[in-house]
Amino acid sequence: MTDINRRAFIRAAGGVAALGATLGFPSLALGSARRVVVVGGGVGGSTVAKYLRKLDPTLAVTLIETKPSYTTCFMSNEVLGGERTLESITFGYDGLRRHGVDVVMDTAVGIDPVKKTVQTASGKGFDYDACVVSPGIDFKWGAIAGYNAEIAANSVPHAWNAGPQTLLLRRQIEAMPEGGRVIIVAPPDPFKCPPGPYERASQIALYCKHHKPRAKIIILDAKDAFSKQGLFIEGWTKLYGYGTDNSMIQWVGGSGGGKVESLDAAKLSIQAEIEEFKGDVVNIIPPQKAGAIAFAADLAEGDWCPVNKRTFESKRHKDIYVLGDASSAAKMPKSAYAANSQAKVAAAAIVSRFHGLEPGDPTFVNTCYSVVGEDFGISVAAVYSHDAATNSIEPIPNSGGISPAKASPEIRKREVSYAHSWFKNVINDMLE
Ligand SMILES: Cc1cc2nc3c(=O)[nH]c(=O)nc-3n(C[C@H](O)[C@H](O)[C@H](O)COP(=O)(O)OP(=O)(O)OC[C@H]3O[C@@H](n4cnc5c(N)ncnc54)[C@H](O)[C@@H]3O)c2cc1C
């Protein structure tokens with residue numbers, strides 16, 4: 001980002017802070033406490049649960065989450081690069097409990113929008129006045145012949161939900177012979193974390209540069225362009241010899257035959273449109289859709305959930321809000337920062353409604369950092385406003401941008417520290 005863009009970004013982002021400042025709702029005597037049930041304790045769900053309680057401490061907020069702790073996908077590529085452990089990106093829910101959120105370990109299996117009840121796998125029912133659903137993504141199995149959930153868990157991990165598969169992929173890269181080949185299959189748009197597959201290739205290259213300098217990483221991609229492409233290629237050229245015969249990273253785009261048709265898991269062989277590629281390690285990131293509860297609760301149209309982008313209330317069912325990756329929130333990307341920003345807008349809209357007020361006109365923020373290598377970070381940032389006429393979320397002109405091309409080593413190094421401090425801040429904002 002240039003200095004001018006950075007200043008404009010900070011000014012516009014101040015709009016978000018100002019929004020927060022207007023949210024000191026007076027505690028009204030509403031009779032029995034209003035109940036909000038939140039499904040999914042990831043970025044969107046945790047943030048909305050915390051901010052609902054902060055905005056109106058009289059609310060009874062229940063968070064239903066399958067797992068006892070949350071492992072962030074963001075920074076999980078650094079586990080592959082060897083910079084972090086999985087423990088360092090895993091967090092419990094005690095912070096939310098301290099905010100008065102009732103955290104329930106269970107899985108939501110249905111939502112009755114008429115009776116206003118969430119049903120769970122253990123057979124319980126949770127009544128709500130408002131329900132928020134932030135279940136993240138699920139995978140569209142069947143798009144690549146020969147690839148399925150079982151193979152992903154055992155031998156060809158997607159590692160696109162951080163956890164055991166991240167560690168499996170890490171172990172496979174460690175066990176790979178020197179001069180071995182890692183194949184990454186990038187998914188079609190839209191998907192969680194648009195720069196993620198390319199940051200992953202960078203982090204694996206970082207590990208290999210130190211431990212297996214003759215290794216190759218091949219990215220097979222159905223797309224002809226990807227997020228922050230120019231900056232990634234600048235980093236790959238500087239750090240990993242991109243564009244030379246000895247390049248550690250090779251990217252094969254859609255028009256070069258990068259679309260993948262099938263996997264032979266036993267041979268670790270991939271049939272792409274033109275050529276067959278054999279790997280020592282294969283990482284397929286499948287096409288994506290909203291998490292299963294979005295379909296069980298009739299919130300999806302096609303793969304994602306349409307919402308009123310002023311409030312994030314579902315366009316299919318009143319009093320149910322859908323946040324984060326599962327929502328159709330173009331032009332915001334599917335990112336943690338976006339889910340965190342949307343959660344605050346939804347919390348404010350829900351509390352406004354309970355207090356008989358009109359929801360405000362929101363602004364949203366997103367920044368995505370990628371760590372390409374040692375002391376080499378890049379970013380893209382934007383501030384967005386809601387266009388009521390088209391129900392779209394549009395970037396505010398001159399309020400963001402990408403890191404400058406050919407920036408000084410000092411700027412690239414600083415972006416790495418910004419990435420790490422953003423990580424601490426967002427965890428603090430959602431869970432502490
Ligand atoms: C490799 C990688 C790197 C990334 N890096 C970045 C980055 O640098 N910056 C960034 O902004 N974003 C990044 N992201 C994207 C980010 O992780 C997601 O966009 C973000 O987590 C979305 O938040 P969410 O609330 O929609 O879903 P999630 O955070 O995925 O949370 C969903 C939660 O819901 C729970 N759940 C699902 N269904 C149910 C159910 N029925 N009942 C109960 N619980 C349920 C799940 O267990 C999960 O805890 C990255 C993603 C990946 C894969």
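Residues numbered from 1 in each chain as written. Predicted model: local features only at pLDDT ≥ 70, side-chain atom pairs only at ≥ 80, totals over all residues. Heavy atoms only, no water.

Considering the site of the ligand
At step 1: Close to the ligand lie 34 residues, the nearest being Gly44, Glu65, Tyr70, Ser134 and Asp325.
At step 2: Taking Glu65, its side chain carries an N or O atom lying 2.7 Å from an oxygen atom of the ligand.
At step 3: Of all the elements in the fold, those that place two or more residues in the shell around the ligand are helix H2 (43–55), strand E2 (60–65) and helix H10 (336–354).
At step 4: Split by residue class, the shell around the ligand holds 16 nonpolar, twelve polar and six charged.
At step 5: Mapping the shell around the ligand onto the domain boundaries places at least three of its residues in each of domain 1 (3–138 + 288–431) and domain 2 (143–284). (Near = heavy atom within 4 Å. Polar contact = N/O pair within 3.5 Å; in protein donor to acceptor, adjacent residues only side chain to side chain. Helix = DSSP H or I, 4+ residues; strand = E, 2+ residues; numbered from the N terminus. Nonpolar A, V, L, I, M, F, W, Y, C, P; charged D, E, K, R; others polar. Domains from an automatic or database assignment.)

Remarks on the side chain of Lys309
At step 1: Here Lys309 shows up in the loop between strand E19 (305–308) and strand E20 (313–314).
At step 2: Here Lys309 is in contact with Ser328, Ala329, Ala330, Pro362, Phe364, His386, Asn391, Ser392 and Ile393, once residues within four sequence places are set aside. (Contact = heavy atoms within 4.5 Å.)

A few points about the pattern of salt bridges
At step 1: Here the structure, examined in full by the defined rule, presents 21 salt bridges.
At step 2: As a salt-bridge pair, Arg412 and Glu234 come within 2.9 Å of each other at their nearest N and O atoms. Of the two residues, Arg412 sits in helix H11 (residues 409–431) while Glu234 sits in helix H8 (residues 229–240), which places them 178 residues apart along the sequence.
At step 3: Lys344 is paired through a salt bridge with Asp429; the nearest N and O atoms lie 2.7 Å apart. With Lys344 in helix H10 and Asp429 in helix H11, this residue pair connects regions lying 85 residues apart in the sequence. (Salt bridge = Lys/Arg side-chain N within 4 Å of Asp/Glu carboxyl O.)

So, the pairing of strand E23 (residues 363–373)
At step 1: With ten of its eleven residues buried, E23 lies for the most part within the structure.
At step 2: With ten bridges joining them, E23 and strand E24 (residues 376–387) adopt antiparallel strand pairing. Bridge assignment links Gly373 to a residue of E24, and that residue is Phe376.
At step 3: Following E23, the chain reverses through two residues before pairing antiparallel with E24; Asp375 in that reversal takes a positive phi of roughly 55 degrees. (Buried < 20%, exposed > 50% of the residue type's maximum accessible area, 1.4 Å probe, protein only. Pairing = 2+ DSSP bridges.)

Concerning the environment of Gly92
At step 1: Along the chain, Gly92 falls in the loop between strand E4 (90–91) and helix H4 (94–98).
At step 2: Between the C-alpha atom of Gly92 and that of Ala290, which follows or precedes it by 198 residues, the distance is 24 Å.
At step 3: Leave out the neighbours within four places in its chain, and Gly92 touches Pro68, Ser69 and Leu431.

Some points on the sheet that holds strand E7 (residues 117–120)
At step 1: Read from one edge to the other, the open sheet built from three strands follows the order E6-E7-E8, with strand pairing classed as antiparallel. Two strands close off the open sheet at either side, each with one partner strand: strand E6 (108–112) and strand E8 (125–127). Averaged over all pairs of adjacent strands, the angle between strand axes in this sheet comes to 20 degrees, irrespective of strand direction.
At step 2: Inspection of the sheet shows E7 paired to E8 by three bridges, in the antiparallel sense. Note that in E8 the partner of Val118 across the bridge is Phe126. (Axes fitted to C-alpha atoms, helices over the stretch in contact; angles between N-to-C directions.)

Comments concerning the pairing of strand E12 (residues 216–221)
At step 1: When you tally the buried positions in E12, you get five out of six residues, the bulk of the element.
At step 2: Pairing analysis gives six bridges linking strand E11 (residues 181–186) to E12, with the strands arranged parallel. Within E12, the residue paired with Ile184 across the bridge is Ile219.
At step 3: Taken together, E11, helix H7 (residues 196–211) and E12 constitute a β-α-β crossover, and its handedness is right-handed.
At step 4: In terms of strand pairing, E12 meets strand E13 (residues 249–252) through four bridges, oriented parallel. When the bridges of E13 are listed, Ile218 appears paired with Gln250.
At step 5: Read from E12 through H8 to E13, the crossover connection turns out right-handed. (Right-handed = clockwise from strand over helix to strand, strands pointing away.)

Structural notes on helix H6 (residues 164–175)
At step 1: For H6, with twelve residues, the first-to-last C-alpha span of 16 Å sits near the 16 Å given by 1.5 Å per residue.
At step 2: Turning to H6, its buried residues are Gln165, Thr166, Leu168, Leu169, Arg170, Gln172 and Ile173.
At step 3: On its buried face, H6 is in contact with helix H3 (77–81), helix H5 (149–154), H7 and strand E17 (281–284). (Expected span 1.5 Å × (residues − 1).)

Comments concerning unusual backbone geometry
At step 1: Backbone torsion omega between Asp189 and Pro190 reads -15 degrees, so that peptide bond is classified as cis.
At step 2: Residue placement: Pro190 occurs in the loop between E11 and H7.
At step 3: A cis amide bond links Ala330 with the next residue in sequence, Lys331, at an omega value of 10 degrees.
At step 4: Within the secondary structure, Lys331 is located in the loop between strand E22 (327–328) and H10.
At step 5: The backbone of Met75 shows a phi angle near 80 degrees, a positive value even though the residue is not glycine.

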